[in-house]
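Chains, contacts and geometry: an overview
For reference, the chains in residue letters:
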Amino acid sequence: MYKNKKKTIKSRTVRRVGTILTAAVLSSAFVLPDVISSPETDQQYVVYADEKDDIKDIQYKNAQREKLKQKAQEQLSYLNVKATDIRDVIAQLDQSIAEYQVEIMGLVDDRNAIQAEIAVTESNLQLAYIAEANQYERMKERIAYAYENGDIQYIDALVALDDFSNLINQSEYVEQVSAYDQNQLNELLAIKKNIQEQESLLQQKLEEVREKKADTEAQQEALVITQDGKKAKLEEYNELIYSTNGEITTYQQLIDEGNYQIQRLEAEYRRKQEEAKREAARKKAAEEAAKKKAAEEAERKKREAENQKNQSQGGSSSGSSSGSSGSSSGSSGSSSGSSSSGGSSKSFDEVTPSGTWVWPCPASHHITSYFGYRTPPTAGATSYHQAIDVGCSVGTKVVAMSSGRVMYTAYSGARGNYIRIDHGGGITSLYQHLSGFAGYSAGDYVEAGTVIAYSGMTGICAGAHLHFEIWKNGYPVNPLNYVN
């Protein structure tokens, strides 16, 4: 039954942690406009909506994940209360068991005292037997004396008795028996009888003490069994508490990741806003230059018509010069428009996957923990492992699994030092528990196999290793589907 309970706990944990893969991350309420107005021309120009859609998607997922996190926290509070109640019951049982133990020890003392008293009584009884025997020997001496002195009546009276015990009953009818012998025998027999009765009473008390001790021990054993059951239940609650803490830690890790994604999307949005503004300014300048050129061309044609009419060489020269000037001005405007269009740097999303995947730790191919559910290796670690762990010593070189741009290098209490790289096509890789970085920072482009960091044991971990994750479109996937 206990094994079935443990299986139930595990399946509940699996279901809870499984929701992590479908939930989203904490983000700010950031709403993007579809269009932006230009104050100079009162015209509108469209900006890219990719970031807006992405942020809305994260906000939706964030709402789901926040609910799951709250449920996990509520469950944790409930489990803590239950565990505390059970610990109180166990403490009460401990006290009752201790009281029974004290009572049993007292009964053992009573039993020992009674047994000692029985031993004394038996010794006294033996002494009474000895005294009786001695008295009998003295009587035989007196009988022998009477026989030697010819006291026939005294001897006949004694010989007529059936046994020694009848001597007392019959002695009152035999005047020849001395009063002294009669009194002595009466006292000895009374003492022996009293000792026998006392011994019988002590044996009865001893049996009562033994029965009470057995009953008390049975009650104590029942409490011990009950306490063992409570301890087993407490262990179940402790496992659930440990698992739930792991879920909350994982939620927080994903929330941290989401915060970064929101910041990146907002930065990308602002960059595109600036590009859109520059493009609008360029178009406006081009339109103004075109208008100016058209006006100049019209003026040139007007002058040419007047020159042809007047047949004036000076007017023709002036028109030609004016036309040249207009052409030059138009060329200048074109040049200005061209220069303002300038190239823009590629965003992370514009990186094209190279399709080349390399092992992230060339010095070691020993996997110590695989992707999926596992027993947490240390307190605070998650039971759902969304990565693979590669066993290696501190300072081992860590390389980029494919070409891409560094998204960021950071530190958190759970991950320790870690670095994330965007490889394009929705694929990112993450390397954590690092001892240090190789000098690359956000925006730097790296090739596949480039040394980006060094392994370590920062954050929550049981020892030095490389924790390696691959994410596809915002969800963790098994790295062994890409590298092996």
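It should be emphasised that the depicted structure is a prediction, and the values quoted were computed from it without experimental measurement.

Thoughts on the overall build of the chain
Assigned secondary structure in the chain consists of six helices and 14 strands. Looking at the 484 residues of the chain, the share that counts as buried comes to 36%. In the chain, the share of contacts with a sequence separation of at least 24, taken over all contacts with a separation of at least 6, comes to 72%. Summed over its atoms, the accessible surface of the chain is roughly 27300 Å², and 50% of this surface lies on carbon and sulfur atoms.

Focus: the confidence of the model for the chain
Residue-level pLDDT values for the chain average 74, and 68% of them are 70 or greater. Between residues 1–48, whose pLDDT stays under 50, and residues either more than four places distant or in other chains, the model counts 97 contacts. Counted against residues more than four places away or in other chains, residues 170–176, with its pLDDT under 50, gives eight contacts.

Some words on the packing of aromatic side chains
Counting across every chain of the model gives three aromatic pairs. For the ring pair Y408 and Y418, a centre distance of 5.9 Å and an interplane angle of 90 degrees mean the geometry is edge-to-face. Of this pair, Y408 sits in strand β8 (residues 404–412) while Y418 sits in strand β9 (residues 416–424), placing them 10 residues apart in sequence. Of the residues examined, Y418 reaches a relative accessible area of 7% and is grouped as buried.

Regarding the pattern of salt bridges
What the rule picks out here adds up to nine salt bridges. Among the ionic pairs, E257 bridges to R420, the shortest N-O distance being 2.9 Å. With E257 in helix α5 (residues 179–310) and R420 in strand β9, this pair connects stretches of sequence that are 163 residues apart. Neither residue differs from the other here; E257 and R420 are each classed as buried. Of the charged contacts, one joins R300 and E297 as a salt bridge, the two residues approaching to 2.2 Å between their closest N and O atoms. On the criterion of helical spacing, the pair formed by R300 and E297 is a turn pair, its members being three residues apart in helix α5. R300 sits in the buried class, given a relative accessible area of 19%. Judged by its relative accessible area of 32%, E297 is partly exposed. Among the ionic contacts, a cluster of salt bridges with common partners joins E257, R415, R420 and E469.

Considerations on the side chain of H423
Within the secondary structure, H423 sits in strand β9. One polar contact links the side chain of H423 to the main-chain carbonyl oxygen of S403, over a distance of 2.9 Å.

Regarding the nonpolar core
Judged by nonpolar contacts, the single largest core of 22 residues is most densely connected at Y431, I452, L466 and F468. Mapped onto this core, the elements with two or more residues apiece are β6 (388–391), β9, β10 (427–437), β12 (451–455) and β13 (465–472). Apart from residues no more than four positions distant in its own chain, L466 is found in contact with P360, C361, I388, D389, V390, C392, V398, Y431, Q432 and L434. In terms of nonpolar packing, the next biggest core, distinct from the first, is built from 12 residues, I86, I90, Y237 and I241 among them.

Re the pairing of β9
Among the nine residues of β9, nine are classified as buried, and the element is accordingly described as predominantly covered. Across seven bridges, the pairing between β8 and β9 is antiparallel. Looking at β9, one finds that Y408 is bridged to R420. Hairpin connection, β8 to β9: the antiparallel pair is bridged by three residues. In the sheet, β9 pairs with β10 via seven bridges, with the strands oriented antiparallel. Residue pairing in the sheet places G424 in a bridge with I427 of β10.

Analysis parameters
Residues numbered from 1 in each chain as written. Predicted model: local features only at pLDDT ≥ 70, side-chain atom pairs only at ≥ 80, totals over all residues. Heavy atoms only, no water. Helix = DSSP H or I, 4+ residues; strand = E, 2+ residues; numbered from the N terminus. Buried < 20%, exposed > 50% of the residue type's maximum accessible area, 1.4 Å probe, protein only. Contact = heavy atoms within 4.5 Å. Areas by Shrake-Rupley, 256 points an atom, 1.4 Å probe, with all protein chains shown as cover. pLDDT = per-residue confidence, 0-100. Phe/Tyr/Trp six-rings, centres within 6.5 Å; stacked < 30°, edge-to-face > 60°. Salt bridge = Lys/Arg side-chain N within 4 Å of Asp/Glu carboxyl O. Polar contact = N/O pair within 3.5 Å; in protein donor to acceptor, adjacent residues only side chain to side chain. Core = buried A, V, L, I, M, F, W, Y, C linked by side-chain atoms within 4.5 Å. Pairing = 2+ DSSP bridges.

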